[in-house]
Amino acid sequence: MSLYDDAVLVLKGYEDQPDLRQAYLDHLAAHPDGMWKACHAGHLTASALVIDPSRGRVLLTLHRKLRMWLQMGGHCEPQDTSLEAAALREATEESGITGLTLLPGGPVRLDRHPIPAPCNWHLDVQYAALAPAGAAEAISDESLDLRWFAYDEVADVADESVVRLLEATRARP
């Protein structure tokens, strides 16, 4: 199965945010290249909020280009076999943590946000990843900093999209 086909199946199975979910599906139907950075009309991305529920904290990256505290994530790559694989790869690369596992149940949220030209939109499919006990993070070239924040600190450092992702993650059974 292609990454495109996986994305369509994942989105069709996602039950929350129906209007945004349909916008993602419409975008893919109109743009067969909508999985890739080269699609200037916008493209899907995959991200994961790295959490440590036993210690009530999340790992955020200070994004090098945007200079914002965000979850780990980014563009899909040709070797990605699924959106889950892309989100897990990005989370592992950007956190330096091996042994991350995605929360079951598929994406936690969708978040569409404008980006600078030549592209117009990121259509982010957001997951949550559990850090293994004793996980040691390591900063990547894509980050200015990498830091654990208590759940109640996230709203003080990150934007609303990260706060909504954390809330949705914590609401998962």
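This one's a predicted model, so the numbers in the text were calculated from it and none came from an experiment.

Undergrad: Sorry if this is basic, but what is going on with the overall build of the protein here?
TA: Secondary structure summary: the protein contains five helices and eight strands in total. Along the protein, helices (α) and strands (β) appear in the sequence α-α-β-β-β-β-α-β-β-β-β-α-α when read from the amino end. Compactness check: the protein gives a C-alpha radius of gyration of 15 Å against a globular reference of 16 Å for 173 residues, within 12% of the reference. Buried positions account for 48% of the 173 residues belonging to the protein. Put simply, of all contacts in the protein between residues at least 6 apart along the chain, 66% involve residues at least 24 apart. Element-wise, carbon and sulfur atoms account for 53% of the exposed surface of the protein, whose accessible area totals about 8,600 Å².

Undergrad: Looking at this structure, I do not really get the side chain of D111. What am I missing?
TA: For D111, the position within the fold is in strand β6 (residues 109-114). There is a polar contact of 2.8 Å between the side chain of D111 and the side chain of H113. Ignoring any residue separated from it by four or fewer positions in sequence, one finds D111 in contact with L20, Y24, H122, L123, D124, Q126, S161 and R164.

Undergrad: Would you explain unusual backbone geometry in this entry?
TA: Comment: phi is negative for the bulk of residues other than glycine, and the bulk of peptide bonds are trans. The residue Q17 is not glycine, and still its phi comes out positive at about 45 degrees. Counting through the fold element by element, Q17 comes out in the loop between α1 (3-13) and α2 (18-30). With a phi angle near 55 degrees, R67 is a residue other than glycine that sits in the positive phi range. With respect to the helices and strands, R67 occurs in the loop between β2 (57-63) and β3 (69-70). On the accessibility criterion, R67 (56% relative accessible area) is exposed.

Undergrad: Would you mind showing me how to read the nonpolar core here?
TA: A general feature of soluble globular proteins is that nonpolar side chains tend to end up buried together. By size, the foremost hydrophobic cluster in this structure holds 32 residues, and its most contacted members are M35, L44, V50, L83 and Y127. Secondary structure elements with two or more residues in this core: α1, α2, β1 (43-52), α3 (83-95), β7 (121-130) and β8 (143-150). Counting residues per element, this core draws most heavily on α1, at five residues. In this structure, L70, Y151, V163 and L166 belong to the second largest nonpolar core, which totals 18 residues.

About the criteria used
- Residues numbered from 1 in each chain as written.
- Predicted model: local features only at pLDDT ≥ 70, side-chain atom pairs only at ≥ 80, totals over all residues.
- Heavy atoms only, no water.
- Helix = DSSP H or I, 4+ residues; strand = E, 2+ residues; numbered from the N terminus.
- Rg over C-alpha atoms; globule rule 2.2 N^0.38 Å.
- Buried < 20%, exposed > 50% of the residue type's maximum accessible area, 1.4 Å probe, protein only.
- Contact = heavy atoms within 4.5 Å.
- Areas by Shrake-Rupley, 256 points an atom, 1.4 Å probe, with all protein chains shown as cover.
- Polar contact = N/O pair within 3.5 Å; in protein donor to acceptor, adjacent residues only side chain to side chain.
- Core = buried A, V, L, I, M, F, W, Y, C linked by side-chain atoms within 4.5 Å.

Read these as spatial facts, not as claims about activity.
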